[in-house]
4 protein chains.
Amino acid sequence: MEVLMIGDIVGRAGRRAVRKTLDNLDLEPDFIIANGENAAGGFGLTKDVVEELIGYGIDLLTTGNHVWDNKEIFDFIEESNYVIRPYNYPSSTPGVGFKIIEKNNFKLGVLNVIGRVYLGNYDCPFKVADKIIRKLNNKVDAIIVDFHAEATSEKQALGRYLDGKAGAVVGTHTHVQTADEKILSGGTAYITDVGFSGAQDSILGMDAEEPINGFLTQIKKRFKVGTGDTELSGVIIEFDEETGDACLINRIKRCHNNN
Amino acid sequence: MEVLMIGDIVGRAGRRAVRKTLDNLDLEPDFIIANGENAAGGFGLTKDVVEELIGYGIDLLTTGNHVWDNKEIFDFIEESNYVIRPYNYPSSTPGVGFKIIEKNNFKLGVLNVIGRVYLGNYDCPFKVADKIIRKLNNKVDAIIVDFHAEATSEKQALGRYLDGKAGAVVGTHTHVQTADEKILSGGTAYITDVGFSGAQDSILGMDAEEPINGFLTQIKKRFKVGTGDTELSGVIIEFDEETGDACLINRIKRCHNNN
Amino acid sequence: MEVLMIGDIVGRAGRRAVRKTLDNLDLEPDFIIANGENAAGGFGLTKDVVEELIGYGIDLLTTGNHVWDNKEIFDFIEESNYVIRPYNYPSSTPGVGFKIIEKNNFKLGVLNVIGRVYLGNYDCPFKVADKIIRKLNNKVDAIIVDFHAEATSEKQALGRYLDGKAGAVVGTHTHVQTADEKILSGGTAYITDVGFSGAQDSILGMDAEEPINGFLTQIKKRFKVGTGDTELSGVIIEFDEETGDACLINRIKRCHNNN
Amino acid sequence: MEVLMIGDIVGRAGRRAVRKTLDNLDLEPDFIIANGENAAGGFGLTKDVVEELIGYGIDLLTTGNHVWDNKEIFDFIEESNYVIRPYNYPSSTPGVGFKIIEKNNFKLGVLNVIGRVYLGNYDCPFKVADKIIRKLNNKVDAIIVDFHAEATSEKQALGRYLDGKAGAVVGTHTHVQTADEKILSGGTAYITDVGFSGAQDSILGMDAEEPINGFLTQIKKRFKVGTGDTELSGVIIEFDEETGDACLINRIKRCHNNN
Ligand SMILES: [Fe+2]
Ligand SMILES: [Fe+2]
Ligand SMILES: [Fe+2]
Ligand SMILES: [Fe+2]
Ligand SMILES: [Fe+2]
Ligand SMILES: [Fe+2]
Ligand SMILES: [Fe+2]
Ligand SMILES: [Fe+2]
């Protein structure tokens, strides 16, 4: 049972990279998940953007700190079957943080949690993940965790903490794929960050000019989504259908020229 | 002209990984540079540790935010030919931030700068790097920059900002190798992070127990260096001897069992 | 029923200021509470220091982010009747975050919570305080909250959020007394920070040299407790014995020369 | 020679507090300075707002981290005689960080600097302030520094560092007046924060609802300026006309009902 997990999709360029990748996919994943927190103009999600991405073949969108940037999210996240937000937001937060998606009688539990280091004052991702996984473990065949976090220490620590509990713990948020994919000793697939989907010639998917100006001037101006050639990065994870453990994690990267 | 750049060496396990790697190196770099900020027990450097590492074949140690953790550094950094610290510390800081190392009539300039996002209140790494590179460009054949920084945005931005000015901009500090090595359009080799050298079964090279406890309890206790099997990650960069531009950047990773 | 709340006691100088103030107190508070997180050499508490301060007439010590700095705390906080730590540390944390102290049949509930902005990843102080106050409200005659926090926004917000629920919400941690004491419309006494107790000629109670050097050099060295003349700042709060509402809050400041 | 320094003016309510205070001022300051970073709707300044405040009798507006929030500032800060921005922004930043204002042959130098702790990556406020003060000291009769900063440690440290160099170092940014005004041993008037000007029933001048919601939900929504009764806080500083030293610093606070 294979899952393709795609990193943060950044704006129109990122959505185009998703379409081009999935139109010609040389893999046959059973499930496709992507982090969509930057899919609408770099900031959040709209209903149209969700529908566009689901139309390309994505089964479920996870998110992160940028999920609330576009206020339209509040109109549809409660009803959406396609978007989850980090579980460890306060309990009254709209939307859900865990969803079970099913194909061919295989139930995949997808849990989204967000890190706290440098990011914000959320509930403890370690305890929240542990609790929800215990609760839902016997209702699903495997669990994949999207840990949306900045610090490599926090990401490695959660990976190890959930080793043997979840089938996979994969990082998002930094928009840069790491080269440390592995299967931990307890059977959990792990990677610090799966990367992003968007403009190649960019800073994290955004046009480079304003981010560089921002560092030079210490004055924040509005960022624009990058344009031109695109890339998509992610991982393929194969779960053992009996145990829910991971038996394979492979990084993927696909590049497309802008035609 | 080839340079091997090794990521943050973490404690005894990291030094052992360096020794084992360099003892049996299947590559023939002209220069070997490593980030040594965590080489002495995970925190800073001592004179003995510097000598040990130089004895293994390293030509120069760069550093970062942990450079001052072991107070012995203040006794020898001024005289040391083997250790540089981030250039963009205040101007009165002991030690230097740039060094020229020479082999076979090729002069390699090594510049160490540190990022500010989430890290500290240093001088602007963009302006400092730009200024020093302009100044020293015609005294060296190529320049490699170790950008010790946390945020992927700041690292990508500096890479692009220095594209065409330095021969290579390579990141350190996160202790996790990224999979985004490339040669930018201006001829600068770039990678967000070269990774680390230390215990495999660890959090960033440190024994996993205390870091995980720290996230769970929010109480900081002393970390211990990890033990057991080790790995070393880094990059090989080849510079064109005429232009100083990079013509190749390859990630390397070497694993060793603890015998 | 009057309570004297004293701000963060910093080291030997701070303890001396407490002794001198309480030896000649021109007020007759029923309860004396102080924040002791910096009482032992500026960092944490020891058993001896707790006993010394209780001997001067303090009834209970609250704490904050520095409570664990001196590891001796782990030996006695579980058994201590005189020290509480922020309630919103993870639930497994040693010690308690709320204590009832009684005099003349008046039961004063003292709740210690810590802020998250710029400080750390604790449980939500708003929800934690709300919950514990609801739970214990009918077991006590009045409740005072020591909110140990950095940001004025978070402190003002908690004050208003608890207005009418607690009898007083007083801030600690910044070591600088604010001039905004008031009784909020719901009957809760509020001040953003009660100040500190320690050396006058200092930075937050510590000898000025190293803090200033730290800002100039960006290299952290060990701070020493300030010496010489001292001051103590705090507030007097009077609670209505029937309702538990505050009917008065007055700032106090006492200075002592070092004889 | 007396100066009235008014804390951060927050929106329409803050401007009304300024007008009401200055219309009936029971003091006769020679100069009136105010921090205007929040004067236009809580975020930045517009040309109209500057003119309105100058019309009320303010001589010069200092600013801080919010100065660029309203993009209109870029249209007029270069030409404005009435607005300065923190000097320690990068050197290419529009506007100036120091201005000399003159009355009755007394030249008052006003320097605006911003802190780095928790705020941003500016140039070192200690070195920048020291340098500019040395340079301009003999061109002015006294110097007042508005240090716009968050951390009490950084503010106290700069006060002491400039003691004897500037006539006054007064803090802004926290919007809460501190009770620690004093004249330091070298003759410099100091206060950690002069406070704010705006709606009383508010969080830092903004309507309380959204800030409290923000802490509870960890989702940022747009803040609105507070309404209703107002207050203005600030300090009066008297400078010796011969030496430029401070001979007096008094806190002031004025409250107005909303009629
Ligand atoms: Fe993202
Ligand atoms: Fe993110
Ligand atoms: Fe490191
Ligand atoms: Fe580092
Ligand atoms: Fe304290
Ligand atoms: Fe504290
Ligand atoms: Fe402000
Ligand atoms: Fe501000």
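Residues numbered from 1 in each chain as written. Chains lettered and ligands numbered in written order. Predicted model: local features only at pLDDT ≥ 70, side-chain atom pairs only at ≥ 80, totals over all residues. Heavy atoms only, no water.

Confidence in the prediction for chain A averages 97 pLDDT; 100% of positions are at 70 or higher. In the predicted complex, the global pTM is 0.97; the interface-specific ipTM is 0.96. (pLDDT = per-residue confidence, 0-100.)

Residues and elements named next belong to chain A. Sequence positions flagged by UniProt for "binding site: Fe cation 1" (unreviewed entry) are, in local numbering, Asp8, Glu37, Asn38 and His175. What stands out for the annotated residues spanning 168 residues is how close their C-alpha atoms remain, the widest pair being 11.3 Å apart. Mapped onto the fold, Asn38 is located in the loop between strand 3 (31-35) and helix 2 (47-55). Once residues within four sequence positions are removed from consideration, Asn38 is found in contact with Asp8, Ile9, Val10, Gly11, Phe43, Gly44, His66 and His175. The residue His175 is located in the loop between strand 8 (168-172) and strand 9 (182-183) in this model. What makes His175 buried here is its relative accessible area of 7%. If sequence neighbours within four positions are ignored, His175 has contacts with Asp8, Val10, Glu37, Asn38, Asp193, Gly195, Phe196 and Leu204. Here the side chain of His175 touches Asn38 through a polar contact of 3.1 Å, side chain to side chain. (UniProt positions renumbered as here; feature names shortened; annotations may be inferred. Helix = DSSP H or I, 4+ residues; strand = E, 2+ residues; numbered from the N terminus. Contact = heavy atoms within 4.5 Å. Buried < 20%, exposed > 50% of the residue type's maximum accessible area, 1.4 Å probe, protein only. Polar contact = N/O pair within 3.5 Å; in protein donor to acceptor, adjacent residues only side chain to side chain.)

All right, on to the UniProt feature "binding site: Fe cation 2" (unreviewed entry) in chain A then. Residue and element names in this part refer to chain A. Under the UniProt annotation, "binding site: Fe cation 2" (unreviewed entry) lies at Glu37, Asn65, His148 and His173. Spanning 137 residues, the named residues nonetheless gather at one spot, since no C-alpha pair among them exceeds 10.1 Å. With respect to the helices and strands, Glu37 occurs in the loop between strand 3 and helix 2. If you trace the backbone, His173 turns up in the loop between strand 8 and strand 9. Among the residues examined, His173 registers a relative accessible area of 13% and is labelled buried.

Let us now look at the sheet that holds strand 9 (residues 182-183) of chain B. Note on sheets: strands pair through backbone hydrogen bonds, and any given pair is parallel or antiparallel. Residue and element names in this part refer to chain B. Strand order across the open sheet formed by 6 strands is 5-6-7-8-10-9, with mixed pairing between neighbours. Each edge of the sheet is formed by a strand with only one pairing partner; in this case those strands are strand 5 (98-103) and strand 9. Relative to strand 8 (residues 168-172), strand 7 (residues 142-148) runs parallel, the two being bridged by 5 bridges. Bridging across to strand 8, Val145 finds its partner in Val169. Across the sheet, helix 4 (residues 125-136) is in contact with strand 5, strand 6 (106-114) and strand 7; its angle to strand 6 comes to roughly 165°. (Pairing = 2+ DSSP bridges. Axes fitted to C-alpha atoms, helices over the stretch in contact; angles between N-to-C directions.)

Residue and element names in this part refer to chain C. All of the protein donors around the iron ion (ligand 5) are Asp8 (OD), Glu37 (OE), Asn38 (OD1) and His175 (NE2); their distances to the metal are 2.1 to 2.2 Å. In this structure, the iron ion (ligand 5) is coordinated by 4 donor atoms arranged in irregular fashion, with angles at the metal of 88 to 170°. All donors of the iron ion (ligand 5) come from a single chain, and their spacing in sequence reads D-x28-E-N-x136-H. (Donors = N, O, S within 2.8 Å, 3.2 Å for Na, K, Ca; no water. Tetrahedral: all angles 85-135°; square planar, octahedral: opposite > 155°, others 65-115°.)

In this complex, chain B contributes 32 residues to the contact, which on the side of chain A involves 32 residues. Counting the surface lost from both chain B and chain A, the interface buries some 3000 Å², and carbon and sulfur atoms represent 61% of this. For the interface between chain B and chain A, the tally reads 2 salt bridges. For Asp201 of chain A, the salt bridge goes to Arg160 of chain B, with nearest N and O atoms at 2.2 Å. (Buried area = accessible area lost by both parts, 1.4 Å probe. Salt bridge = Lys/Arg side-chain N within 4 Å of Asp/Glu carboxyl O.)

All names here are of chain D. With distances of 2.1 to 2.2 Å, the protein atoms coordinating the iron ion (ligand 7) are Asp8 (OD), Glu37 (OE), Asn38 (OD1) and His175 (NE2). Relative to the metal, the 4 donor atoms surrounding the iron ion (ligand 7) lie at angles of 89 to 170°, and the coordination shape comes out irregular. Look at where the donors of the iron ion (ligand 7) fall in the sequence and you get D-x28-E-N-x136-H. Taken as a pair, the iron ion (ligand 7) and the iron ion (ligand 8) show a spacing of 3.4 Å, with Glu37 coordinating each metal. Placement of Glu37 in the loop between strand 3 (31-35) and helix 2 (47-55) and of His175 in the loop between strand 8 (168-172) and strand 9 (182-183) is noted, with a sequence separation of 138 residues between them. Both residues of the pair, Glu37 and His175, belong to the buried class.

Taken together, the contact pairs 7 residues of chain A with 7 residues of chain C. When chain A packs against chain C, the two sides together hide about 550 Å² of surface, and 32% of this comes from carbon and sulfur. It is Arg116, Asn121 and Lys127 of chain A in chain A that bury the most area against chain C; as a group they hold 75% of the surface buried on that side. Scanning the region where chain A abuts chain C turns up 0 salt bridges. Inspection of the chain A/chain C interface yields 2 residue pairs in polar contact (both at pLDDT 80 or more).

Moving on, we get to the relation of the copies chain B and chain A. For the pair chain B and chain A, the best superposition has an RMSD of 0.0 Å and corresponds to a rotation of 180° with a translation of 0.0 Å parallel to the axis. With respect to symmetry, the two chain copies, as superposed, fit the operation of a two-fold axis. Of every C-alpha in chain B, the one belonging to Thr178 of chain B sits nearest the axis of rotation, 1.9 Å from it. Taken as a fraction of all interface residues of chain B, those also at the interface in chain A reach 100%, which identifies the copy contact as same-surface. (Least-squares fit on C-alpha atoms with pLDDT ≥ 70 in both.)

Moving on to the packing of aromatic side chains. Per the counting criterion, the structure on display carries 26 aromatic pairs over all chains. Relative to Phe106 of chain C, the ring of Phe31 of chain C has its centre 6.3 Å away and its plane inclined at 50°; by these criteria the two rings are tilted. Of this pair, Phe31 of chain C sits in strand 3 (residues 31-35) while Phe106 of chain C sits in strand 6 (residues 106-114), and the two are 75 residues apart along the sequence. For the pair Phe31 of chain C and Phe106 of chain C, a shared accessibility class is recorded, and that class is buried. In this structure an aromatic cluster arises from ring pairing among Trp68, Phe74, Tyr89 and Tyr122 of chain A. (Phe/Tyr/Trp six-rings, centres within 6.5 Å; stacked < 30°, edge-to-face > 60°.)

What follows is about helix 4 (residues 125-136) of chain A. Between its terminal C-alpha atoms helix 4 of chain A stretches 16 Å, which fits the 16 Å expected from 12 residues at 1.5 Å a residue. All buried positions along helix 4 of chain A are accounted for by Pro125, Phe126, Val128, Ala129, Asp130, Ile132, Ile133 and Leu136 of chain A. On its buried side, helix 4 of chain A packs onto strand 5 (98-103), strand 6 (106-114), strand 7 (142-148) and helix 5 (152-161) of chain A together with helix 6 (209-217) of chain B. (Expected span 1.5 Å × (residues − 1).)

Attention now goes to the environment of Ala157 of chain A. Counting through the fold element by element, Ala157 of chain A comes out in helix 5. Overall, the relative accessible area of 0% leaves Ala157 of chain A in the buried class. Once the C-alpha coordinates of Ala157 of chain A and Thr217 of chain A are considered, the two residues, 60 residues apart in sequence, prove to be 35 Å apart. Those residues within four positions of Ala157 of chain A in sequence are excluded, and the remaining contacts are Phe126 of chain A together with Ile203, Ile212 and Phe215 of chain B.

The two copies are related by a screw operation: chain A maps onto chain C through 180° of rotation and 0.0 Å of translation along the axis, at an RMSD of 0.0 Å. When the interface residues of chain A are mapped onto chain C, 100% of them again fall at the interface, so both copies present the same face.

Another aspect to go through is the environment of Asn104 of chain A. Residues and elements named next belong to chain A. Structurally, the position occupied by Asn104 is in the loop between strand 5 and strand 6. By relative accessible area, which is 65% here, Asn104 ends up exposed. The spatial distance from the C-alpha of Asn104 to the C-alpha of His175 is 32 Å, given a sequence separation of 71 residues.

With that out of the way, let us pick up the pattern of salt bridges. Residue and element names in this part refer to chain D. Summed over the entire model, instances satisfying the criterion amount to 36 salt bridges over all chains. Note that Asp59 and Lys103 form a salt bridge whose closest N and O atoms lie 2.7 Å from each other. Residue Asp59 is located in the loop between helix 2 and strand 4 (60-62), and its partner Lys103 is located in strand 5 (residues 98-103); the two are separated by 44 residues in the primary sequence. Accessibility expressed as a relative area gives 28% for Lys103, which makes it partly exposed.

Residues and elements named next belong to chain A. Remark: helix 4 packs on helix 5, axes separated minimally by 11 Å, with the N-to-C direction vectors making an angle of 25°. It follows that helix 4 is roughly parallel to helix 5 by the angle criterion. Read as a crossing pair, helix 4 and helix 5 show a hand that is right-handed. Taking contact as the criterion, the partners of Pro125, Phe126 and Asp130 in helix 4 are, on helix 5, Glu154, Ala157, Leu158 and Tyr161. (Parallel < 35°, antiparallel > 145°, perpendicular 65-115°, else oblique. Left-handed = near helix turned anticlockwise from the far one by under 90°.)

Turning our eyes to something else, we now look at the sheet that holds strand 5 of chain A. All names here are of chain A. Ordered by their spatial adjacency, 6 strands build an open sheet running 5-6-7-8-10-9, and the pairing between neighbours is mixed. For this open sheet the edge positions go to strand 5 and strand 9, each flanked by a neighbour on one side alone. Across 6 bridges, the pairing between strand 5 and strand 6 is antiparallel. Bridge assignment links Lys99 to a residue of strand 6, and that residue is Val110. Set on the sheet, helix 5 makes contact with strand 6, strand 7, strand 8 and strand 10 (189-191); between it and strand 8 the angle comes to about 165°.

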